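What follows is the residue order along each chain.
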Amino acid sequence: MPDTFCATRLRHDLDELYDLLAELLEIDLVLDGLEAHGCLTPSPGFVQAARTMTLGRTEPFEVHYYDTTGRPPGPAPDPYPTQRLGLPAPHPGLGPIDMGFLADAGAEAGAFRAAARSALDQLVDPLLRVRSSELRSVAGFLVELYLTLDVSIQDDFAGLRNEGADWEGAAADAFFDGFYEPLVQIRANHLWAIDYLTSLTAHLKAVNDLGQQSLANLVGCASEVVRDQLHQRHQSSRGPSAASTLALLTAVTGVVGAVIFPVAGAAAATLGTISYVLGYAASQVPTDVGETAEITAGSAREIHTRLLQHVHAVADTVRQGYDETHGHASSMRATIASLEVGAATGEASPSRVGTWLPRQPHLAAGPGFFHETSGRGL
Amino acid sequence: MTTTTAPTTTAASHRQQDRDLGSGSRFGADVYELYEAGHVAFPDLAELYSHAATELHHVHGLLTGIAGRLGRSGGWAVADQSEQVCDAARVTAHRLHRTGEALVELADDFRRTDDGAAHALRRLTREHRDLLSSAAAWSPPPGPGDPVGCRPGELLDDAAMDERLTEAGVAPVAPLGPLAGGG
């Protein structure tokens, strides 16, 4: 099954998002600078040349501005027009306005882009290092192995159960009671372990997939907001924009919680549920799992801040998910430890037979291993 | 004088008793069962476990690589568990293999003690020569730290996996009910 999530595509989308955010920031810095320098409105009573500037690349628009404080009507410049005419001084001085803020806006937007992207990458990079298909491959190998072992091993695989009663002696008893018969339970426990390992792998995969899909959703949501902001600038508006999406923000629930971990000794395998999880988790953050993440913002910096907060929440949740996987792995280790100790062989015998590894029997023809047709004990 | 002859008598008696292991056709038939088990069934199962250990060795290698990139203890914990299961398969494979060899040696020892058993064993091995010649060849599983080789063969896709699960009686199910549409 091909991955529905592509880290390269997400990085490309992030590049595009931060290009748009830098574009929005530069537009806002220019607009704010023009307003702060009084370039957006003409000075009444002065002769000024209106200039036009094109802002933005995504939805370009024109801005009319004035880059000088102007001069009063008449042939000669008047150094003190505002005082003489009693007009309010639109600018602190006369003559050309320092329009250096236009160039500074570009530099500031570029610096913002680099710093913001770097901050986000520190959170995002660890979430993109493992492809979903890698974990699916591992689970696929385990499922194949489980099915191979499950159908290949019979309880009395060597057909010795009926003949066992005819062999006598301590070594014969040790072979049949301590080795051959426990193999039935040992084999069942090995199947359980492979089943459990498949569940652990599916758990890792679900956490990994949902984290990655959450990232993709959040980047898409932020892109939606920034595009709306750029459209608003095109329409000479600067109100806030809002968008929402599904993301894994506070808890690993739903599909991840639905991964069933088998119980040693129980007959039913959980591989069926695993196959469901394998296909399901890779596709999208399910509605019954994800929480609604909203981004409401009116500037590039606000959009970045909200995105960073949400990605931080996703990264924390993913870490919790992996810690949960660790807890399940610890349970498996504890169960195996109890299987190694094993169960008592019976009320009459204080010895215990481990059901994790077969005990190597000592076989040699002699007093410990003989047939009932011998003259012994008769 | 009895003190010097008694030990010899006792030792001879023990040797005789040690070699009194069974006799007759039923004994011979059961010796053959041990021989066949050691020659066919145990090697088959040992080989199956060796294959499992090889697969799990590969899985452990994959999970170790994944854990290194996940950077969280959960990944390492899963890789450690895969190693533990791999060790179990490897140890089981070796013990099954050695037990199979020991059963063949045991049957051979029994054969030497009784003409009837030797005759029955010869006859039965002749009759089952096809079965006996089909025994799996022993290929030891990889040991800890051995390089992880390439795994031949295609990985099951979702449809094939679901089909195999269904054949094995493990129906794909959704967490809250039967799965519709294959997930």
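Owing to the predicted nature of the structure, the values given are computational and were not obtained by experimental measurement.

A.B. asks: Help me understand the overall build of chain A, please; the structure alone is not making it clear to me.
C.D. replies: Regarding its fold elements, chain A presents eight helices and eight strands. Expressed as a percentage of contacts within chain A between residues at least 6 apart in sequence, the contacts between residues at least 24 apart total 78%.

A.B. asks: Mind showing me how you'd approach the overall build of chain B here?
C.D. replies: When you go through chain B residue by residue, the secondary structure sums to six helices and two strands. Sequence-ordered secondary structure for chain B, helices as α and strands as β, is α-α-α-α-α-α-β-β. The burial tally for chain B puts 41% of its 183 residues in the buried class. Partitioning the contacts of chain B with sequence separation of at least 6, the portion at a separation of at least 24 is 80%.

A.B. asks: It is not clear to me how the packing of aromatic side chains should be interpreted in this structure. Could you clarify?
C.D. replies: Ring pairs (aromatic) are described by centroid distance and by the angle formed between their planes. One pass over the full model with this rule turns up 17 aromatic pairs over all chains. Arranged with centres 6.4 Å apart and planes meeting at 50 degrees, the rings of Phe 175 of chain A and Phe 369 of chain A form a pair that is tilted. Remark: Phe 369 of chain A occurs in the loop between strand S7 (349-353) and strand S8 (370-371) and Phe 175 of chain A occurs in helix H5 (residues 170-180); sequence separation between them is 194 residues. Centre to centre, the rings of Phe 27 of chain B and Phe 110 of chain B are 5.7 Å apart; their planes meet at 90 degrees, and the pair counts as edge-to-face. Of this pair, Phe 27 of chain B sits in helix H2 (residues 24-70) while Phe 110 of chain B sits in helix H3 (residues 73-113), and the two are 83 residues apart along the sequence.

A.B. asks: Help me out: how do you make sense of the nonpolar core in this one?
C.D. replies: Soluble globular proteins: nonpolar side chains tend toward being buried together. If you look at the biggest cluster of nonpolar residues, it comprises 142 residues, and the most contacted ones within it are Phe 175 and Phe 369 of chain A together with Phe 42 and Phe 110 of chain B. Tallying contributions element by element places helix H6 (residues 182-234) of chain A first for this core, with 21 residues. The residue makeup of this core includes at least three contributed by each of domain 1 (7-122) and domain 2 (131-353) of chain A. When near neighbours in sequence (up to four residues on either side) are disregarded, Phe 369 of chain A contacts Trp 167, Glu 168, Ala 171, Ala 172, Phe 175, Phe 176, Leu 363 and Ala 364 of chain A together with Leu 21, Leu 34, Leu 106 and Phe 110 of chain B.

A.B. asks: What should I look at first to understand the pairing of strand S1 (residues 50-55) of chain A in this one?
C.D. replies: Along a regular strand, successive side chains alternate from one face of the sheet to the other. Residues and elements named next belong to chain A. Inspection of the sheet shows S1 paired to strand S2 (residues 61-66) by six bridges, in the antiparallel sense. Paired with Leu 55 across the bridge in S2 is Phe 61. Adjacent in sequence and paired antiparallel, S1 and S2 are bridged by five residues, among which Gly 56 carries a positive phi angle near 85 degrees.

A.B. asks: Hey, could you run me through the environment of Tyr 32 of chain B in this one?
C.D. replies: Residues and elements named next belong to chain B. Within the secondary structure, Tyr 32 is located in helix H2. What makes Tyr 32 buried here is its relative accessible area of 1%. The sequence separation of Tyr 32 and Asp 108 amounts to 76 residues, and the corresponding C-alpha distance is 9.4 Å. Residues within four places of Tyr 32 in sequence aside, it is in contact with Leu 121, Leu 124, Thr 125, His 128, Leu 131 and Leu 132.

A.B. asks: Is there a simple way to explain the packing of helix H3 (residues 100-124) of chain A against helix H8 (residues 300-341) of chain A in this structure?
C.D. replies: Describing two packed helices takes the angle between their axes plus the distance from one axis to the other. All names here are of chain A. Where H3 contacts H8, the axes come no closer than 10 Å and their chain directions differ by 10 degrees. Considered as vectors, H3 and H8 are oriented roughly parallel to each other. The segment H3 lies against H8, with Glu 108, Phe 112, Ala 116, Ala 119, Leu 120, Leu 123 and Val 124 engaging Ala 300, Arg 301, His 304, Leu 307, Leu 308, Val 311 and His 312. Considering only residue class, the contact of H3 with H8 consists of 10 nonpolar, two polar and two charged.

A.B. asks: Just checking my understanding: could you explain unusual backbone geometry for this structure?
C.D. replies: Most peptide bonds take the trans form, and the phi angle of most residues other than glycine is negative. If you check the backbone angles, Ser 236 of chain A has positive phi at about 60 degrees while not being a glycine. Counting through the fold element by element, Ser 236 of chain A comes out in the loop between H6 and strand S4 (241-247).

A.B. asks: What is the right way to look at the confidence of the model for chain A in this model?
C.D. replies: Note that predicted coordinates carrying low pLDDT should not be read in detail. All names here are of chain A. Mean pLDDT over chain A works out to 83, with 80% of the residues at or above the 70 mark. Predicted confidence is poor over residues 72-84, with pLDDT under 50, and the contacts of this stretch with residues over four places away or in other chains come to 18 contacts. Confidence drops under pLDDT 50 across residues 88-93; counting only partners more than four residues distant or on other chains, this segment forms 11 contacts.

A.B. asks: Even after reading the chapter, I still don't get the environment of Tyr 146 of chain A, so can you show me in this structure?
C.D. replies: Residue and element names in this part refer to chain A. Along the polypeptide, Tyr 146 turns up in helix H4 (residues 132-152). Looking at Tyr 146, the relative accessible area reads 7%, which means it is buried. Each C-alpha atom, one on Tyr 146 and one on Asp 195, is 6.9 Å from the other, the two residues being 49 residues apart in sequence. Setting aside residues up to four positions removed in sequence, Tyr 146 forms contacts with Leu 191, Ile 194, Asp 195, Ala 269 and Leu 271.

A.B. asks: Sorry if this is basic, but what is going on with the environment of Gly 116 of chain B here?
C.D. replies: All names here are of chain B. Position of Gly 116 relative to the elements: it lies in helix H4 (residues 115-127). Exposure remark for Gly 116: the relative accessible area of 32% places this residue in the partly exposed category. Separated by 89 residues in the primary sequence, Gly 116 and Phe 27 have C-alpha atoms spaced 8.2 Å apart.

A.B. asks: I'm lost on the pattern of salt bridges in this one. Help?
C.D. replies: Any two side chains of opposite charge can pair, on the condition that their charged atoms come close. Taken as a whole, this structure holds 22 salt bridges over all chains when the rule is applied. Asp 15 of chain A is the partner of Arg 117 of chain A in a salt bridge, and the nearest nitrogen-oxygen pair spans 2.3 Å. One end of the pair, Arg 117 of chain A, is in helix H3; the other, Asp 15 of chain A, is in helix H1 (residues 7-36), with 102 residues separating them in the sequence. We note a salt bridge from Asp 166 of chain A to Arg 26 of chain B, for which the minimum N-O separation is 3.4 Å. Residue Asp 166 of chain A is found in the loop between H4 and strand S3 (167-168), and its partner Arg 26 of chain B is found in helix H2; the two belong to separate chains. Taking the relative accessible area as the measure of exposure, Asp 166 of chain A reaches 15% and is therefore buried. When its relative accessible area of 41% is taken as the criterion, Arg 26 of chain B is described as partly exposed.

What counts, and where the lines are drawn
- Residues numbered from 1 in each chain as written.
- Chains lettered and ligands numbered in written order.
- Predicted model: local features only at pLDDT ≥ 70, side-chain atom pairs only at ≥ 80, totals over all residues.
- Heavy atoms only, no water.
- Helix = DSSP H or I, 4+ residues; strand = E, 2+ residues; numbered from the N terminus.
- Contact = heavy atoms within 4.5 Å.
- Buried < 20%, exposed > 50% of the residue type's maximum accessible area, 1.4 Å probe, protein only.
- Phe/Tyr/Trp six-rings, centres within 6.5 Å; stacked < 30°, edge-to-face > 60°.
- Core = buried A, V, L, I, M, F, W, Y, C linked by side-chain atoms within 4.5 Å.
- Domains from an automatic or database assignment.
- Pairing = 2+ DSSP bridges.
- Axes fitted to C-alpha atoms, helices over the stretch in contact; angles between N-to-C directions.
- Parallel < 35°, antiparallel > 145°, perpendicular 65-115°, else oblique.
- Nonpolar A, V, L, I, M, F, W, Y, C, P; charged D, E, K, R; others polar.
- pLDDT = per-residue confidence, 0-100.
- Salt bridge = Lys/Arg side-chain N within 4 Å of Asp/Glu carboxyl O.

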